[in-house]
Amino acid sequence: MTSHFRRLLSLSTAMVIASTAVAVAEPSAELVEAAKKEGALTTIALPHDWCGYGAVIDGFKKKYPEITVNELNPDAGSADEVEAIKANKDNKGPQAPDVIDVGLAFGPQAKAEGLLMPYKVSTWDEIPDNIKDAEGYWYGDYYGVMSMIVNKDLVKETPKDWSDLLKADYAGQVALAGDPRASNQAILGVLAAGLASGAKAGQEAGEAGLKYFAELNKAGNFVPVIGKSGTLAQGSTPIVVAWDYNALSWKDTLAGNPPVDVVVPESGVLAGVYVQGISAYAPHPNAAKLWMEYLYSDEGQTAWLAGYCHPARFNAMSKAGKIPQDLLDKLPPAASYEKAYFPTLEEVDANKAAVTGGWDKVVGANVQ
């Protein structure tokens, strides 16, 4: 993190900026009223230990106690979220998601299929252009980098890079945090491994990543189990490839039992952006818009950082002196992030097609 991010403005300037920003960034009284009338919001695929979502949901409930939050399938992947909108087009009941939070490649897909409605939050201008749809159908919210989390009770030597995982020392130890045929986190884990081999981002890195995982599988090092904090602690997946914010959150939850290391690899440092969208068929469209306003407010964006994620408005908030230093200090060293590669949407799409289309044939491990 460069020094100018750390420079806090004098308190008075910060307060002036904060108060003007609040004046501009507060949702309209009409929207709040309409959302309260609907009285409910249905989310999907939001595990509470992912990116600080538990605190985010609690913060929204506290601010708007009149709105009941109905949470569907916390462990679903991005593809499942898109399918849930499709499956519930005519359903106004509790099984129809109002909002989705999906990997970057899934935003344009959902837009192309007519599954999203456009909405621009009041802090829209502070979301970088390259991670949002110009028409407002989807918008980046937070990002992290791919890391490895290691159970130190079972793994003597912590791997430093992707190539290390192929060593015989790691037999039966390495897992992905999802099914690479449906989970954005796992798909991008494959891309990161491909990038580490020197392949170009996109189809080339996707195919190189598949070759890498085929080799890992053949060596007997890959475990076809979806890695989580529980499987890591129990020892069925002693090394899990996961977003840094998930790994750091699991580390907090495990609290030294077992002790774990979280490593950002030396090569193939991949940044991944997650995007929000509102279902075109949302039973509670106003509550959905209010939820987005909350996520992109200073409070919501700071909550991502508390959950070890870099929020979409990070740069703008840093310049305005709105980011607490203690939150910055809890993240892995800034140097680990300097090498991070942000793939373009085209590269993410091409990689996704290569990985989801080729996993069964090339790697052949049924991850579940």
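Preceding this section is the structure that the text describes.
In this text the structure is predicted, and so the values were computed from the model without any measurement.

**A word on the overall build of the chain**
Each helix and strand in the chain was counted, giving 16 helices and ten strands. Scaling as 2.2 N^0.38, a compact globule of 368 residues should have a C-alpha radius of gyration of about 21 Å, and the chain matches this with 20 Å. Taken over the C-alpha atoms alone, the chain extends approximately 60 × 55 × 40 Å along its principal axes. A total of 368 residues make up the chain; the buried ones form 57% of that total. Partitioning the contacts of the chain with sequence separation of at least 6, the portion at a separation of at least 24 is 77%. Accessible area of the chain: about 15,000 Å², with a carbon and sulfur share of 53%. Considering the chain, the positive charge centre built from 31 side chains and the negative charge centre built from 45 side chains are found 2 Å apart.

**Re the packing of aromatic side chains**
Aromatic rings considered in pairs are described by the distance between their centres and by the relative angle of their planes. All chains considered together, the criterion is met by 20 aromatic pairs. Ring geometry for Trp50 against Tyr274: centres 5.3 Å apart, planes inclined by 85°, an arrangement best described as edge-to-face. Taken together, the positions of Trp50 in the loop between strand S1 (40–44) and helix H4 (53–63) and Tyr274 in strand S9 (residues 271–279) put the pair 224 residues apart, joining distant regions of the chain. Look at Trp50 and you get buried, because its relative accessible area is 15%. Look at Tyr274 and you get buried, because its relative accessible area is 3%. An angle of 65° between the planes, with centres 5.8 Å apart, marks the rings of Phe222 and Trp359 as edge-to-face. Highlighted residues: Phe222 in the loop between helix H8 (203–218) and helix H9 (229–234) and Trp359 in helix H16 (residues 345–362), separated in sequence by 137 residues.

**Notes on the state of the cysteines**
As used in these notes, a disulfide is a covalent bond between sulfur atoms, one from each of two cysteines. Within the structure shown, the criterion is met by one disulfide. Across the disulfide from Cys51 sits Cys309; the S-S distance is 2.0 Å. Residue Cys51 is located in the loop between S1 and H4, and its partner Cys309 is located in the loop between helix H12 (298–306) and strand S10 (310–311); the two are separated by 258 residues in the primary sequence. In this pair, the class of Cys51 matches that of Cys309, namely buried.

**Concerning the side chain of Asp98**
Of note, Asp98 is situated in the loop between helix H5 (78–87) and strand S3 (99–103). Buried charged residue Asp98 carries no salt bridge. Nearest counter-charge: Lys92, at 7.4 Å. Engagement of the side chain of Asp98 in a polar contact is seen with the backbone nitrogen of Thr42, the distance being 2.7 Å. For Asp98, the side chain forms a polar contact with the side chain of His284, separated by 2.7 Å. Excluding residues that lie within four positions of it along the chain, Asp98 makes contacts with Ala40, Leu41, Thr42, Gly277, Ile278, Ser279, Ala282, Pro283, His284 and Ala288.

What counts, and where the lines are drawn
- Residues numbered from 1 in each chain as written.
- Predicted model: local features only at pLDDT ≥ 70, side-chain atom pairs only at ≥ 80, totals over all residues.
- Heavy atoms only, no water.
- Helix = DSSP H or I, 4+ residues; strand = E, 2+ residues; numbered from the N terminus.
- Rg over C-alpha atoms; globule rule 2.2 N^0.38 Å.
- Buried < 20%, exposed > 50% of the residue type's maximum accessible area, 1.4 Å probe, protein only.
- Contact = heavy atoms within 4.5 Å.
- Areas by Shrake-Rupley, 256 points an atom, 1.4 Å probe, with all protein chains shown as cover.
- Lys, Arg positive; Asp, Glu negative; His and termini not counted.
- Charge placed at Lys NZ, Arg CZ, Asp CG, Glu CD.
- Phe/Tyr/Trp six-rings, centres within 6.5 Å; stacked < 30°, edge-to-face > 60°.
- Disulfide = S-S within 2.5 Å.
- Salt bridge = Lys/Arg side-chain N within 4 Å of Asp/Glu carboxyl O.
- Polar contact = N/O pair within 3.5 Å; in protein donor to acceptor, adjacent residues only side chain to side chain.

These results come straight from atomic positions and should not be treated as a statement about function.
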